[in-house]
Amino acid sequence: MIFLNIQRITKKYIMEVIIQPTREAAALLTAKIIAAEVRKNPSTVLGLATGATVEPVYSNLIEMHHKEGLDFSLCKSFNLDEYVGLSGDHPGSYRYFMNSHLFDHINIDKRNTHVPNGMASDIEAECLQYEEAIWGAGGISLQLVGIGMDGHIGFNEPMSSMQSRTRVKQLNPVTIRQNAGYFGGPDKMPRRAITMGVGTILDSERCLMLATGAAKAEILAEAVEGPFCARVTASALQWHRRAIVIVDEACASHLKNREYYDWSFNHEPHWAAFRN
Ligand code: PGA
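Since the structure is predicted, the reported quantities are computational estimates derived from the model, not experimental observations. (Residues numbered from 1 in each chain as written. Predicted model: local features only at pLDDT ≥ 70, side-chain atom pairs only at ≥ 80, totals over all residues. Heavy atoms only, no water.)

S.K.: What is the right way to read the nonpolar core from this model?
M.R.: Soluble globular proteins: nonpolar side chains tend toward being buried together. Tyr 58, Leu 61 and Leu 255 are the most contacted members of the largest nonpolar core, which totals 79 residues. Residue contributions to this core peak at eight residues, all from helix H2 (residues 23-40). Beyond its immediate stretch of four places on either side in the chain, Leu 61 contacts Ala 31, Ile 34, Ala 35, Leu 70, Phe 72 and Leu 102. (Core = buried A, V, L, I, M, F, W, Y, C linked by side-chain atoms within 4.5 Å. Buried < 20%, exposed > 50% of the residue type's maximum accessible area, 1.4 Å probe, protein only. Helix = DSSP H or I, 4+ residues; strand = E, 2+ residues; numbered from the N terminus. Contact = heavy atoms within 4.5 Å.)

Dropping the structure here:
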């Protein structure tokens with residue numbers, strides 16, 4: 001009995017890297033993995049991300065909802081982060097992003113979608129409540145994350161504790177420059193955000209990281225194949241029980257072990273249904 005339990009636990013612990021030919025193919029595969037999770041467990045708890053990288057993931061999910069009847073009616077979701085000082089109707093807010101890129105186009109119950117409240121008068125209480133709400137929902141089954149130019153996941157900027165929980169972070173100037181386009185310039189960017197902690201992300205059952213484009217190739221390779229270090233918080237995925245990293249060719253160019261990654265994806269039985 002004990003032996004069986006140990007087998008079950010150890011089997012789960014794995015990090016995999018999947019390289020797809022294009023950004024579109026990488027986003028489609030990511031959407032297919034999320035869709036499979038929703039089909040398997042209709043009341044699943046999804047952890048969701050924002051940003052340019054995940055936009056095509058959401059358009060694929062919307063298409064699957066319309067064409068294949070992918071049903072989100074019982075799902076719950078928790079987003080990684082939100083800017084402090086922005087309300088949900090601000091076009092730069094992540095609540096706005098999620099409504100306009102996903103929630104308004106699928107049958108998820110908006111009351112079951114959670115994005116930290118950037119307008120909360122007591123931010124500390126808001127962060128604590130967010131953690132409690134995730135816990136109360138039974139934890140996140142599948143967490144989607146991107147990677148920032150500085151190697152962050154969520155808004156866990158360099159030197160965030162690898163055990164951190166939901167809290168306010170001061171944004172890195174690198175991040176401010178990266179996201180300034182959404183606000184019409186760096187001067188108009190919020191300076192702080194509420195973000196799930198690295199520890200919060202590590203608690204998810206599975207974590208799916210999507211990274212595309214040549215600009216992120218170096219930092220992606222550091223996160224995946226470099227040391228586990230707080231300077232690159234995405235490297236925490238090496239500590240995750242079940243991390244899947246999906247990249248396009250352009251973003252894979254600095255990876256050293258790609259022969260093995262390709263081999264694994266092409267031979268692992270659990271990926272059979274996801275190979276073309
Ligand atoms: P991006 O952001 O998809 O807009 O590049 C990702 C991130 O910063 O986590």
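Moving on from the coordinates now.
S.K.: Is there a simple way to think about the pairing of strand S2 (residues 45-48) in this case?
M.R.: Regular strands place their side chains on alternate faces of the sheet. Alternating positions in S2 separate into two faces, Val 45 and Gly 47 on one and Leu 46 and Leu 48 on the other, with burial throughout. In terms of strand pairing, S2 meets strand S3 (residues 76-79) through four bridges, oriented parallel. When the sheet's bridge partners are listed, Val 45 is paired in S3 with Lys 76. Following the backbone out of S2, through helix H3 (residues 55-68) and into the adjacent parallel S3, one traces a crossover that is right-handed. Pairing of S2 with strand S6 (residues 142-145) involves two bridges; the strand directions are parallel. Following the sheet pairing, Gly 47 is matched in S6 by Gln 143. (Pairing = 2+ DSSP bridges. Right-handed = clockwise from strand over helix to strand, strands pointing away.)

S.K.: Quick question: what am I supposed to make of the packing of aromatic side chains here?
M.R.: Any aromatic ring pair is given by two values, namely how distant the centres are and how the planes are angled relative to each other. Inspection of every chain in the model, using the stated rule, returns eight aromatic pairs. For the pair Tyr 83 and Phe 155, a centre-to-centre distance of 5.5 Å together with 45° between the ring planes defines the contact as tilted. Of this pair, Tyr 83 sits in strand S4 (residues 81-83) while Phe 155 sits in the loop between S6 and strand S7 (167-170), and the two are 72 residues apart along the sequence. You'll find Tyr 83 and Phe 155 in the same group, each marked buried. With a centroid separation of 5.5 Å and 75° between ring planes, the pair formed by Trp 271 and Phe 274 is classed as edge-to-face. By the burial criterion, Trp 271 is buried, and Phe 274 matches it. Here the aromatic residues Tyr 83, Tyr 94, Phe 155 and Phe 183 are joined through ring pairs into a cluster of three or more. (Phe/Tyr/Trp six-rings, centres within 6.5 Å; stacked < 30°, edge-to-face > 60°.)

S.K.: Please clarify how the site of the ligand should be interpreted in this entry.
M.R.: Near the ligand, the surroundings consist of Gly 51, Ala 52, Thr 53, Gly 146, Ile 147, Gly 148, His 152, Gln 178 and Lys 216. Within the backbone of Ala 52, one N or O atom sits 3.0 Å away from an oxygen atom of the ligand. In this structure, an oxygen atom belonging to the ligand sits 3.2 Å away from a side-chain N or O atom of Gln 178. Surface burial for the ligand is 86%, taken as the share of its 280 Å² of free accessible area covered by protein chains. With respect to the pocket detection grid, the ligand is positioned in the second largest pocket. Split by residue class, the shell around the ligand holds two nonpolar, six polar and one charged. (Near = heavy atom within 4 Å. Polar contact = N/O pair within 3.5 Å; in protein donor to acceptor, adjacent residues only side chain to side chain. Areas by Shrake-Rupley, 256 points an atom, 1.4 Å probe, with all protein chains shown as cover. 1 Å grid on protein atoms, 1.4 Å probe; cavity = no way out; pocket = protein on both sides within 12 Å on 5 of 7 lines; lining within 4 Å. Sits in = over half its atoms within 2 Å of the grid points. Nonpolar A, V, L, I, M, F, W, Y, C, P; charged D, E, K, R; others polar.)

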